[in-house]
Amino acid sequence: MHQTNFIVREPLLDPQQRVVGYELTWQQQDAAPVADADLEALVSFVAEQVNDDERGWLLRDKTLFLQAVPAMLSTDALHQLPPEHTVLSLKTAELANADTVAAVRALRAGGVGVLLRDADVTRLGKSLSTVASYIEVRFAGTDVAAQARTYAALKQSNVRMVGRPIATWADFDACAALGLDAFVGKLHLTPRPGTDAKGMNPAQTIIMQLMQMVKQNADIAQLEAVLKRDATLSYKLLRFINSAGFGAGREVASLKQALALLGYSPLYRWLTLLLATASTSGYSPVLLETAVVRGRLAELLGQGAMGKTEVENIFVAGMFALLDRLLGIPMKEVLETIQLSDDVVAALLTRGGKYGPYLALAEACELNSNLVSPLAASLNLTPLDVNKAHLSALAWAQNVAA
């Protein structure tokens, strides 16, 4: 299945708008239901990609929500996923079968989470908590008081509630007031009404200055002088250069040494990430993680066709695609603030140029757009190429956006 279909994702947010997990599904090109064997293939493929023999679970504290059917509740592939980070989503009607109930209870005993869809909370009553760890709440923004009464009992149990679909910020706030634990929707890509553009904070201003200086090949001494104006920024650079991921091989104690070891292109990339993480605008934390995943995914998608410098530019385009929202200023103002190549600008404004299609494909994967397949084909990328890059980008982002 991973060789013919594409994986798409939807984030699950907590009431603080942080990503607590992802729902991963196969994109279906038509309305046909996903076959049982295909769902099992998704579990198996995902497990292979996000588990590492040495590092273990690559998604840190994130939980994966995967659609399931009774036939796959005992599949061997489930044993490849950590139970504490795995939730299987089942239709409540499936519990009419005694064998299915027994299989669900066995999974729950082993620590695997179970989410029930289309559940009648009043009918399930006290038995709900013995089979489910989550229940999906289909939220309609009418008669909130009635919904509050319906779900009030769940607040006293161990069953967590997932609201879907959450289409507006008013619905989000109402769901949070009802005590829901997680939310599915695309709100992280839209600002809250009344959120004013806040511009850049002092840290972002210094980062922008450094990025311009790197583009102009400023001397290391000049870069060091600017860095020294911000103790937090200096600390972050030294922490990054001394991290196991960078692999400097020895303790680096001076900014001058760190800058020399890092080099201009990696420094620019690091500053791009830092610019987003330094945001203090009114946008949700999930927006940052989305930007990081988008940038890394776009970069990975371009690796087979472009050289190192080019894929670095694709990464910058991917990160900057949400920078207007992260900074709380219009994209036009962002582009006036920093010098970018014509190809990066074209990608940001029109998804054109040589980088634009890679950025568009990364976006399509997060939006479940019907453009995923044609965009991949236009770039000579197979579903396997895209799926591996997608899950790799998710794993990579956990260490950056944490």
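Above this text you will find the structure in question.
Below is a short write-up of the structure.

Parameters at a glance
- Residues numbered from 1 in each chain as written.
- Predicted model: local features only at pLDDT ≥ 70, side-chain atom pairs only at ≥ 80, totals over all residues.
- Heavy atoms only, no water.
- Core = buried A, V, L, I, M, F, W, Y, C linked by side-chain atoms within 4.5 Å.
- Buried < 20%, exposed > 50% of the residue type's maximum accessible area, 1.4 Å probe, protein only.
- Helix = DSSP H or I, 4+ residues; strand = E, 2+ residues; numbered from the N terminus.
- Contact = heavy atoms within 4.5 Å.
- Axes fitted to C-alpha atoms, helices over the stretch in contact; angles between N-to-C directions.
- Left-handed = near helix turned anticlockwise from the far one by under 90°.
- Nonpolar A, V, L, I, M, F, W, Y, C, P; charged D, E, K, R; others polar.
- Arc of directions from axis to C-beta.
- Pairing = 2+ DSSP bridges.
- Expected span 1.5 Å × (residues − 1).
- Lys, Arg positive; Asp, Glu negative; His and termini not counted.
- Salt bridge = Lys/Arg side-chain N within 4 Å of Asp/Glu carboxyl O.
- Polar contact = N/O pair within 3.5 Å; in protein donor to acceptor, adjacent residues only side chain to side chain.

## Points about the nonpolar core
- In terms of nonpolar packing, the biggest core is built from 134 residues, with Leu24, Phe320, Leu340 and Leu361 touching the most fellow members.
- By residue number, the principal contributor to this core is helix α12 (residues 285-302), which donates 10 residues.
- For Leu24, the residues in contact, after removing those within four places along its chain, are Ile7, Val8, Arg9, Leu42, Val46, Leu64, Phe65, Leu66, Leu391 and Leu394.
- Membership of the second largest hydrophobic core comes to eight residues, among which are Leu12, Leu115, Val162 and Ala182.

## Some words on the packing of helix α13 (residues 308-320) against helix α16 (residues 342-350)
- α16 packs onto α13 with a crossing angle of 35 degrees between their chain directions and a minimal axis gap of 9 Å. The handedness of the crossing between α13 and α16 comes out as right-handed. Listed contacts from α16 to Asn313, Ala317 and Phe320 of α13 are Val344, Ala347 and Leu348.
- Here the residues of the contact of α13 with α16 are counted per class, giving five nonpolar, one polar and no charged.

## Some remarks on helix α10 (residues 255-262)
- Turning to α10, its buried residues are Leu255, Ala258, Leu259 and Leu262. The arc enclosing the buried residues of α10, seen along the axis, measures out at 95 degrees, which places them on a common side. Facing away from the buried side of α10, by more than 90 degrees, are the exposed residues Lys256 and Ala260.
- In the segment just after α10, Gly263 is the residue with positive phi, at about 85 degrees.

## A look at the pairing of strand β5 (residues 63-67)
- Among the five residues that make up β5, four are buried, leaving the element largely enclosed by the rest of the structure.
- Both strand β2 (residues 19-26) and β5 contribute to a ladder of four bridges, which runs parallel. Bridging from a neighbouring strand, Glu23 pairs with Phe65 of β5.
- Strand direction decides the pairing type here: β5 and strand β6 (residues 86-91), joined by four bridges, are parallel. Opposite Leu66, over in β6, you have Leu88 as the bridge partner.

## Describing helix α7 (residues 202-215)
- Here α7 is 14 residues long and its end C-alpha atoms lie 20 Å apart, about the 20 Å a rise of 1.5 Å per residue gives.
- Within α7, the full set of buried residues consists of Gln204, Ile206, Ile207, Met208, Leu210, Met211, Gln212, Met213 and Val214.
- Downstream of α7 by a residue or two, Asn217 has a phi angle that is positive, lying close to 55 degrees.

## Notes on the sheet that holds β2
- What the eight strands build is a closed barrel, ordered β1-β2-β5-β6-β7-β8-β9-β10; its pairing is mixed. On average, adjacent strands in this sheet sit at an angle of 30 degrees to one another, irrespective of strand direction.
- With five bridges connecting them, strand β8 (residues 134-138) and strand β9 (residues 160-164) associate as parallel partners. Bridged to Val137 within β9 is Gly163.
- Sheet strands in contact with helix α1 (residues 36-50) are β1 (7-13), β2 and β5, and its direction is about 130 degrees off that of β2.

## A closer look at the side chain of Asp230
- Mapped onto the elements of the fold, Asp230 is located in the loop between α8 (220-227) and α9 (231-241).
- Here Asp230 occupies a buried position and makes no salt bridge, while the nearest side chain of opposite charge, Lys236, is found at 7.6 Å.
- Reaching out from Asp230, the side chain makes a polar contact with the backbone nitrogen of Thr232 at a distance of 3.0 Å.
- Only 2.9 Å separates the side chain of Asp230 from the backbone nitrogen of Leu233, close enough to count as a polar contact.
- With near-sequence residues (within four places) excluded, Asp230 lies in contact with Ala203 and Ile206.

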